[in-house]
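# Structural overview for review
Each chain is listed here by its residues.
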Amino acid sequence: NGLTSFIGKEETFWQELKSRVIFKLETTFKENKALAMALFLGEKGQLKLDQERLANLGLLHLFAVSGLHVGIIYLTVLIILNLILNLNWSRLGTSIILIFYGYLCAWSPSVYRTVLIIFTYNFTLVFQRKISFLQLLSITLFIITISNPLQVFSVGLHLSLTAFISLWLADRKFLPLLYKFSRKYKLNKYILGVIQY
């Protein structure tokens, strides 16, 4: 009984926190609250737009939370937390915030994939375990397949993995050239860091 009541309170806490975030969005963007809900949380139900027409025009993805959005949130929160905490605690804190953000977005497939990749990567860095790109990709695909086997046939998953692999390959080919260029022209380390990101 005690455990059941504790779990009930915990669920109520998360639901209450989600309600507060939604209420804050609605009060902050009073006139455009439907648009804000669609852009920040991917909830398109309140939009007074013809969703079928938007889909035919290929514009419905503008109102979806993508992996890029999650990546921007991750980097922003990581930089802010890193100002007050060390890097490992910042990574842990950011991972927890991303898990809450995934809950806010109802774990849409793109958010789920990105949060899973970032969480796995941060977990290995915090516990000082080396992980290769292929291991990270394999672990992520394994967890996605276990949690929802039909995702393997999703075009969105195929496209995001193609983009992920393309970025990795570009990074493998581009970074050596960047380091060679930085040594030749003696680039400032901050400028080099910005170019890397």
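The coordinates are above.
Report on the accompanying structure. (Residues numbered from 1 in each chain as written. Predicted model: local features only at pLDDT ≥ 70, side-chain atom pairs only at ≥ 80, totals over all residues. Heavy atoms only, no water.)

### A short note on helix 7 (residues 133-147)
Over its 15 residues, helix 7 runs 21 Å from end to end, which matches the ideal 21 Å to within 8%, given 1.5 Å per residue. Buried residues of helix 7: Phe-133, Leu-136, Leu-137, Thr-140 and Ile-144, and no others. Buried residues of helix 7, viewed axially, fall in a sector of 95 degrees; they line one side. Exposed residues lying more than 90 degrees from the buried face of helix 7 are Leu-134, Phe-142 and Ile-146. Of the surrounding secondary structure, the elements contacted by the buried residues of helix 7 are helix 6 (109-126) and helix 8 (155-185). (Helix = DSSP H or I, 4+ residues; strand = E, 2+ residues; numbered from the N terminus. Expected span 1.5 Å × (residues − 1). Buried < 20%, exposed > 50% of the residue type's maximum accessible area, 1.4 Å probe, protein only. Arc of directions from axis to C-beta. Contact = heavy atoms within 4.5 Å.)

### Quick notes on the packing of aromatic side chains
Enumeration according to the criterion identifies 6 aromatic pairs in this entry. Seen from their ring centres, Phe-119 and Phe-123 are 6.2 Å apart, and the 25 degrees between their planes marks the pair as stacked. Of the two residues, Phe-119 and Phe-123 are both situated in helix 6; the distance of 4 residues between them amounts to about one turn of the helix. Using a relative accessible area of 46% as the deciding quantity, one classes Phe-123 as partly exposed. Between Phe-133 and Trp-168 the ring centres are 4.3 Å apart and the planes differ by 5 degrees, which places this aromatic pair in the stacked class. Taken together, the residues span a long stretch of sequence, with Phe-133 in helix 7 and Trp-168 in helix 8 at a distance of 35 residues. The structure contains a cluster of three or more aromatic residues connected by ring pairs, namely Phe-119, Phe-123 and Phe-127. (Phe/Tyr/Trp six-rings, centres within 6.5 Å; stacked < 30°, edge-to-face > 60°.)

### Considerations on the packing of helix 4 (residues 67-84) against helix 6
Where helix 4 contacts helix 6, the two axes come as close as 8 Å, and the packing angle between them is 40 degrees. Comparing their axes, helix 6 and helix 4 come out oblique. Relative to helix 6, the crossing made by helix 4 is right-handed. Every residue of helix 6 that contacts helix 4 at Gly-67, Val-70, Gly-71 and Tyr-74 is listed here: Ser-110, Val-111, Thr-114, Val-115, Ile-118 and Asn-122. Tallied by class, residues from the contact of helix 4 with helix 6 come to 5 nonpolar, 5 polar and no charged. (Axes fitted to C-alpha atoms, helices over the stretch in contact; angles between N-to-C directions. Parallel < 35°, antiparallel > 145°, perpendicular 65-115°, else oblique. Left-handed = near helix turned anticlockwise from the far one by under 90°. Nonpolar A, V, L, I, M, F, W, Y, C, P; charged D, E, K, R; others polar.)

### Things to note about the nonpolar core
In this structure, Leu-41, Val-65, Val-70, Leu-98, Tyr-101, Cys-105 and Val-111 are the most contacted members of the largest nonpolar core, which totals 16 residues. Breaking this core down by element, the ones donating at least two residues are helix 1 (2-28), helix 2 (33-41), helix 4, helix 5 (87-104) and helix 6. The element best represented in this core is helix 5, accounting for 4 residues. Residues in contact with Val-111, not counting those within four places in the same chain, are Val-65, Val-70, Gly-102 and Cys-105. Grouped together as the second largest cluster of nonpolar side chains are 6 residues, Leu-116, Phe-133, Leu-137 and Ile-144 included. (Core = buried A, V, L, I, M, F, W, Y, C linked by side-chain atoms within 4.5 Å.)

### Describing the layout of surface pockets
By volume, the largest pocket is sized at about 1900 Å³. Every residue lining the largest pocket is counted, 42 residues in all, and those nearest its centre are Ile-117, Ile-118, Phe-164, Leu-167 and Trp-168. At the level of secondary structure, the elements contributing two or more residues to the lining of the largest pocket comprise helix 4, helix 5, helix 6, helix 7, helix 8 and helix 9 (189-196). Among the elements that line the lining of the largest pocket, the one with the most residues is helix 8, at 12 residues. Here the residues of the lining of the largest pocket sort into 27 nonpolar, 12 polar and 3 charged. (1 Å grid on protein atoms, 1.4 Å probe; cavity = no way out; pocket = protein on both sides within 12 Å on 5 of 7 lines; lining within 4 Å. Points joined across faces, edges and corners; volume = space filled by probe spheres on them.)

Honestly, that's just the spatial picture; any functional story needs more than this.
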